[in-house]
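If you want the building blocks of each chain, they are given just below.
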Amino acid sequence: MFRNQQLFRVRQIQHHFHRQCIRNVNNNVLKNLKPGYLESIKKTQRSGKYVLKTALVTGTVLVGGIFIKLYNKEVAEHEDDELQQEIPADWQNWHYTKPLSLSEAVKQSRDLMQRKKDETGIPGLAIAVSIDGKTVWSEGIGYSDVENRLKCTPQSVFRIASISKTLTMAAVAKLLESGDLDLDKPVQFYVPEFPEKTWEGKRVQITTRQLLSHLGGIRHYEKDYINDKADTDNTGIEKTVKALSNNSTDEERRTKDEMLLDEYYITRHYSSVLESLEIFKYDPLVHKPDSKFLYSTHGWTLVSAVVEKAAKMPFEKYLKKVLDELGLENTYLDEHTPLIYNRGRHYMMNKKGRLENAPYVDLSYKWAGGGLVSNVLDLVKFGNAMLYSYQAKSYRSASHPRRPAISTDSPSTSKTAYKDSKQRDISFRILPGYLKPETMKMLWTPVVIPELNFRGIANNGYGLGWNVCHRSTERAFCKDQKFFVSHLGAAIGASGALLILPTDNTVSGITRWERLESNQCKDAKDSKLMYSSPPKGIVVAIIANLTSSGLNKTAYDIARIFDRADIKV
């Protein structure tokens, strides 16, 4: 059978008897041949062989057959080269992987969760996973309350720690889009209560943009650098920056050591974000702004003060307004007195490795950077809202082809064409996301590369409020790291991870399966059926009720498993 049922072009071959030229082995040529030869050729074509057993044309067929074979090989190689060039870089490794059924993906992911629980002694874990905006798996493992033997469920509410920064980032982005906030103005423009800073005796400016990317030089919970050297002597400060920024071989141990710092255990309640600035606002900078990456939750407390002034309302009130707009009904400030249904208990390991209740802490000093509680279902919903916002423009351009010009020659024709065009627009209308696509692109573009091997994942950078991991595929059948964004959380008695893995090649507005099938569409009308609306990708949310559980790599591995899943299988 011919490759792709194409008719092979045969160069000029002199006929053994009639010396006429045969240019195409097709039905038109066959009609000109003698009836005796015609029947013989048809039989051999039906059997897929092109050697005529008739002795009269043996010489001609041998020459033609050799040429056809060589031509077939040349066409095949040419098509393989073209196919390789047409396959996007992010598909190069995907098409070698066998899809999984949804049940198999859940089975493999459940095993990964159980492994993490067994390795670290986590009392309870909750997970939720969505594919293309639809939650396909949510489950709780272990206990949300060990003492009362209450099972952990997807509805269990726990501290989400630094994942709070992603929600605060959405609030900041809303003010940016409305024009109420300029990220590049000095923070004193909005918060004059925060003192100006100096570096090497010179006055320096700190902007909100720098704080969102941990480039402002504001310290984290570590304070020893203040006693090492004075502000004008940078030797001790440089050592501290290196120690704080360096990624040790055991990232989880480094996090656990950090969790021993005193400021994690603050029990005082701060009545406002401006009051909480008192913790660090008079401390010297750790480094010159915009010169180094140093993760700082205190920097995000300063961000909350900027938001409060830009929004002209208390930060807590504005954040609750954003949470309500996002439809996150189970996400709250981590306050002690209100009743929060399904709130679980939080735990730590003592020096002997035994489980015990986490001590009481008040998180009012860091609402923006680590002071919220939520459940995995809300986090997945939020992740899809961000993914939708990121992809909406690409899908809208794909599903909204330019409306053709409507002829005015005939009033009836014009009216019918307009009606059809209007119905087409309604059928493929894409609602706007919570944030604009260009805003999401800015948030998910690395501003700085901290040079970390972030919890076992390389090529990590930090954008605005999000960890951003680059696409990394250099060789076929080798390591294939996809583009994704995420954020971890580590708090007293809790750990969490929120990870978003967008579907490859989303610019075209169609999924990988639909793109393959769309090549067979016969007309534009059929091809429109291949388009589908965002979000397209995997969202994974995991929360555990134990300090420093290290969930980032687990979340990424689970996302890759579900990226292979076919929900129709």
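Heads up: these notes are all about the structure in this document. A quick note: this is a predicted structure, and the numbers were derived from the prediction, not measured. (Residues numbered from 1 in each chain as written. Predicted model: local features only at pLDDT ≥ 70, side-chain atom pairs only at ≥ 80, totals over all residues. Heavy atoms only, no water.)

1. Here we look at the pattern of salt bridges
For clarity, the threshold we go by: The term salt bridge refers to a side-chain nitrogen of Lys or Arg lying within 4 Å of a carboxyl oxygen of Asp or Glu. Numbered from the N terminus, helices here are DSSP runs of H or I no shorter than four residues, and strands are runs of E no shorter than two.
Inspection of the entire model under this criterion finds 17 salt bridges. Measuring nitrogen to oxygen at the nearest pair gives 3.0 Å for the salt bridge that ties Glu 196 to Arg 203. A salt bridge links Lys 482 to Asp 563; the nearest nitrogen and oxygen atoms lie 2.4 Å apart. One end of the pair, Lys 482, is in the loop between strand 15 (480–481) and strand 16 (484–491); the other, Asp 563, is in helix 19 (residues 552–563), and 81 residues separate them in sequence. A single salt-bridge network, built from bridges that share partners, covers Arg 219, Lys 223, Glu 263 and Asp 283.

2. A look at the sheet that holds strand 5 (residues 158–159)
Keep this limit in mind: For two strands to be treated as a pair, DSSP must find no fewer than two bridges joining them.
Strand order in this open sheet of 3 strands is 5-11-8, and the pairing throughout is antiparallel. The open sheet is flanked by strand 5 and strand 8 (332–333), the only strands paired with a single partner. In the sheet, strand 8 pairs with strand 11 (residues 372–374) via 2 bridges, with the strands oriented antiparallel. Residue pairing across strands places Leu 333 opposite Leu 372, the latter belonging to strand 11.

3. Overview of the packing of helix 11 (residues 297–311) against helix 12 (residues 315–325)
For clarity, the cut-off: Lines fitted to C-alpha atoms define the axes, with helix axes restricted to the stretch in contact, and inter-axis angles between N-to-C directions lie between 0 and 180 degrees. Note on terminology: angles under 35 degrees are roughly parallel, angles over 145 are roughly antiparallel, angles of 65 to 115 are roughly perpendicular, and the others are oblique. By definition in these notes, contact holds between two residues if any of their heavy atoms fall within 4.5 Å.
The contact between helix 11 and helix 12 brings their axes to 9 Å, and the two run at 80°. Between helix 11 and helix 12, the crossing angle belongs to the class labelled roughly perpendicular. Facing helix 11, whose interface residues are Ser 304, Val 307, Glu 308 and Ala 311, helix 12 presents Phe 315, Glu 316 and Tyr 318.

4. A look at the sheet that holds strand 13 (residues 467–469)
Taken together, 8 strands build an open sheet; the order of strands is 4-3-2-18-17-16-13-12 and the sheet is antiparallel. Both edges of this open sheet fall to strand 4 (150–151) and strand 12 (460–462), since each of them pairs with a single strand only. As paired strands, strand 2 (residues 124–131) and strand 18 (residues 537–544) are joined by 7 bridges and run antiparallel to one another. Looking at strand 18, one finds that Ile 131 is bridged to Ile 538.

5. Description of the packing of aromatic side chains
For clarity, the cut-off: By convention, a stacked pair of Phe, Tyr or Trp rings (six-membered ring in the case of Trp) has centres within 6.5 Å and planes under 30 degrees apart, an edge-to-face pair has planes over 60 apart, and any other such pair is tilted. Each residue gets one of three labels from its accessible area relative to the maximum for its type: buried under 20%, exposed over 50%, partly exposed in between, using a 1.4 Å probe on protein chains only. Geometrically, a charge over a ring is one whose NZ (Lys) or CZ (Arg) sits within 6 Å of the ring centre while staying within 35 degrees of the ring normal.
Scanning the model with the defined rule gives 10 aromatic pairs in all. An angle of 15° between the planes, with centres 6.0 Å apart, marks the rings of Trp 137 and Phe 562 as stacked. With Trp 137 in strand 3 (residues 134–145) and Phe 562 in helix 19, the pair connects residues that are 425 residues apart, well separated along the chain. The pair Trp 137 / Phe 562 is uniform in exposure class, with both members buried. When the ring of Phe 189 is compared with that of Tyr 190, the centres are 4.9 Å apart and the planes differ by 85°; the resulting orientation is edge-to-face. Under the relative-accessibility criterion, Tyr 190 is labelled buried at 11%. Three or more aromatic residues joined by ring pairs form one cluster here, namely Phe 382, Tyr 390, Trp 444, Trp 466 and Phe 483. The side chain of Lys 174 reaches across the aromatic face of Tyr 434, ending 4.5 Å from its centre. Over the ring of Phe 189 we find Lys 185; its NZ or CZ atom is 3.9 Å from the centre of that ring.

6. Focus on the environment of Pro 359
Following the sequence through the fold, Pro 359 ends up in the loop between strand 10 (355–357) and helix 13 (367–370). In the structure, Pro 359 is positioned 134 residues away from Gly 493 in sequence and 8.2 Å away in space, judged by C-alpha atoms. Look past the residues within four positions of Pro 359 in its chain and what remains in contact with it is Tyr 265, Met 348 and Ile 492.

7. Some points on the environment of Asn 552
Within the secondary structure layout, Asn 552 lies in helix 19. Sequence separation between Asn 552 and Leu 498 is 54 residues; the distance between their C-alpha atoms is 8.1 Å.

8. Concerning helix 5 (residues 164–178)
Let me state the cut-off plainly: A helix is expected to span 1.5 Å multiplied by its residue count minus one.
For helix 5, which comprises 15 residues, the first-to-last C-alpha distance of 22 Å matches the rise-based estimate of 21 Å (1.5 Å per residue) to within 8%. With 11 of its 15 residues buried, helix 5 lies for the most part within the structure. Buried within helix 5 are the following residues: Ser 164, Lys 165, Thr 166, Leu 167, Thr 168, Met 169, Ala 170, Ala 171, Val 172, Ala 173 and Leu 175. Just downstream of helix 5 lies Gly 179, where phi reads positive at about 85°.

9. With respect to the nonpolar core
The condition that has to hold: Joining through side-chain atoms within 4.5 Å is the link that ties buried Ala, Val, Leu, Ile, Met, Phe, Trp, Tyr and Cys residues into a set, and such a set is a nonpolar core.
The biggest cluster of nonpolar side chains holds 85 residues, and the ones touching the most others in it are Phe 382, Met 386 and Trp 466. Take this core: its biggest share by element is 8 residues, from helix 11. Once residues within four sequence positions are removed from consideration, Met 386 is found in contact with Leu 326, Tyr 434, Leu 435, Met 440, Trp 444, Trp 466 and Ile 500. Ranked by size, the runner-up nonpolar core spans 33 residues in total, among them Leu 125, Val 129, Ala 497 and Ala 544.

10. Notes on helix 11
Operational definition: Here a polar contact means two N or O atoms within 3.5 Å. Within protein one must be a hydrogen donor candidate and the other an acceptor candidate, and residues neighboring in sequence count only if both atoms are side-chain atoms.
Look at helix 11: 21 Å from first C-alpha to last across 15 residues, which is about the 21 Å you get at 1.5 Å a residue. Of all 15 residues in helix 11, 14 are buried; the element is thus mostly enclosed. Put simply, Ser 296 is the residue that caps the front of helix 11, since its side-chain oxygen is 3.0 Å from the backbone nitrogen of Gly 299. With its phi angle positive at about 60°, Lys 312 sits one or two positions after the end of helix 11.

Read these as spatial facts, not as claims about activity.
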